[in-house]
Amino acid sequence: MMRRAQPWLGTLVEISVADALPDEAVQQAISQAFAEVALVHRLMSFHAADSDVARLNRAWASEVLAVHPHTWQVLRLAQRVAEQSDHIFNIACAPRLVAWGCLPAPQDEAPSYRPGLTVLRCQAGGTVRKAAPGWVDLGGIAKGYAVDLALAALQRAGVASACVNAGGDLRAIGPDAWPVRLRSPRDPGRVGATLALRGEALATSAGYFSAREHNGQRVCALVDGRDGSPAGMAGTGAVGGDDLDGGAAAGRRAGDKAGRGHGPSVSVRAASCAVADALTKVVLASGDVAHPALRAFQATALII
C-alpha cells in the first residue's frame, strides 16, 4: 500500500494505492492524479481572482464567457442536479455564504441573493452565459469532480486498485473493499456508522464543523436552495458549498465536511463522486433518503 496526501481544495486530499505496480510507477501515477486535483483547484476556486468561477462572478448579466472544459462539465452537472431536485441544489448560493461569513467577499458590493435564481447557463461550444447578476460557488460539487479526475488519472497510469479521498468525498476502484467510518453528527468525535466501499463513490455532508452564529441565527456553509435557509443543523433543511473545504475518510474516521451541531449527517453512494457530492445536499435539505433525484442518478443515501 502506498499513500500520499496533499492540501488542495481547502482540505487534505489523500490518495491510496494498493497495487502490484513497481513503486516508481505508483509514485508517478499518484503525481499525475494530484495534478488533476490541482487543476480543479485552480479552475474552480471561489477565492482565486484568475479562476473560471471568479471570472464568471465578475461578468455582467448576458455576457458569454469561454471556460475550461472541466468547469463547463461541472456547471452542466450542477444544472442537471438543480433541475432534478427542484432547485434544492443551487450553486448561486454564494452571496448568502458571504453574508454569513462562510466565504470571503470577492468584491465590495455583493449581488442580492434570490432563492431559486439561475445565474449561469451552459451553452454549446464550451461557453457559459451569465443569465442574471449573482455569484456562484462550486464548493458543493467540485471536490467530488476532482476525485473522479484523480481516479481516472490513476487508471490511465495502469493502477487497478486505489482510493481517492478529498475531505470526505471519496471513490474507490478495484476488487478491495475500503473501510469508511462516518462521524456521529451528535458527537463528531465518535463513529456513527461503518461502511465498505468497493468500486463506487461516497460523499458525506453535515453542518457541524462549519456552524457559526450570524445575527443571532445558527448558520453553516450549507444552504437550502429553495428558500436560502441554513442547512445541516437541527431544525433546518440543506445545499450549497463547502468552500471547497472538506466529511468521510477511507480507513479512518470520517465526516470532515460538516461542524459542531446536532443536525443529521448524509452520505450518498453513486457511480461518480461529483454526483454523490451534489446529492448529499439534496438529501440533507429534503430529509428524504428516497428523493427522486437519487433515482435519476442511480444513487442511494444514508442519514445518521
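Residues numbered from 1 in each chain as written. Predicted model: local features only at pLDDT ≥ 70, side-chain atom pairs only at ≥ 80, totals over all residues. Heavy atoms only, no water.

Draft legend 1. Spotlight on the side chain of S45. Examined against the element boundaries, S45 turns out to sit in the loop between helix 1 (23–44) and helix 2 (52–58). Accessibility expressed as a relative area gives 6% for S45, which makes it buried. Reaching out from S45, the side chain makes a polar contact with the backbone nitrogen of H47 at a distance of 3.0 Å. (Helix = DSSP H or I, 4+ residues; strand = E, 2+ residues; numbered from the N terminus. Buried < 20%, exposed > 50% of the residue type's maximum accessible area, 1.4 Å probe, protein only. Polar contact = N/O pair within 3.5 Å; in protein donor to acceptor, adjacent residues only side chain to side chain.)

Draft legend 2. How the structure looks around the packing of helix 5 (residues 142–156) against helix 6 (residues 273–286). One can describe the packing of helix 5 onto helix 6 by two numbers: an axis separation of 7 Å at closest approach and a directional angle of 165°. Judged on the interaxial angle alone, helix 6 and helix 5 are roughly antiparallel. Like other packed secondary-structure pairs, helix 5 and helix 6 cross with a definite hand, here right-handed. Judged by residue contacts, A142, K143, G144, Y145, V147 and D148 of helix 5 engage C273, A274 and D277 from helix 6. Of the residues that constitute the contact of helix 5 with helix 6, the class distribution is five nonpolar, one polar and three charged. (Axes fitted to C-alpha atoms, helices over the stretch in contact; angles between N-to-C directions. Parallel < 35°, antiparallel > 145°, perpendicular 65-115°, else oblique. Left-handed = near helix turned anticlockwise from the far one by under 90°. Contact = heavy atoms within 4.5 Å. Nonpolar A, V, L, I, M, F, W, Y, C, P; charged D, E, K, R; others polar.)

Draft legend 3. Local environment of the sheet that holds strand 5 (residues 127–130). Read across the sheet, three strands follow the order 3-5-4 without closing on themselves; strand pairing throughout is antiparallel. In this open sheet, the two edge strands, each paired with only one partner strand, are strand 3 (64–66) and strand 4 (120–123). Averaged over all neighbouring strand pairs, the angle between strand axes comes to 30°, with direction disregarded. Of the pairings in the sheet, the one linking strand 3 to strand 5 comprises three bridges and is antiparallel in character. The residue of strand 5 that forms the bridge with A66 is T127. (Pairing = 2+ DSSP bridges.)

Draft legend 4. Representation of helix 3 (residues 69–84) in the model. Along its 16 residues, helix 3 runs 23 Å from first to last C-alpha, staying within 8% of the 22 Å computed at 1.5 Å per residue. Of all the positions in helix 3, only H70, T71, V74, L75, L77, A78, Q79, V81 and A82 are classed as buried. Where helix 3 is buried, its residues meet helix 1, helix 2, strand 4, strand 5, helix 5 and helix 6. (Expected span 1.5 Å × (residues − 1).)

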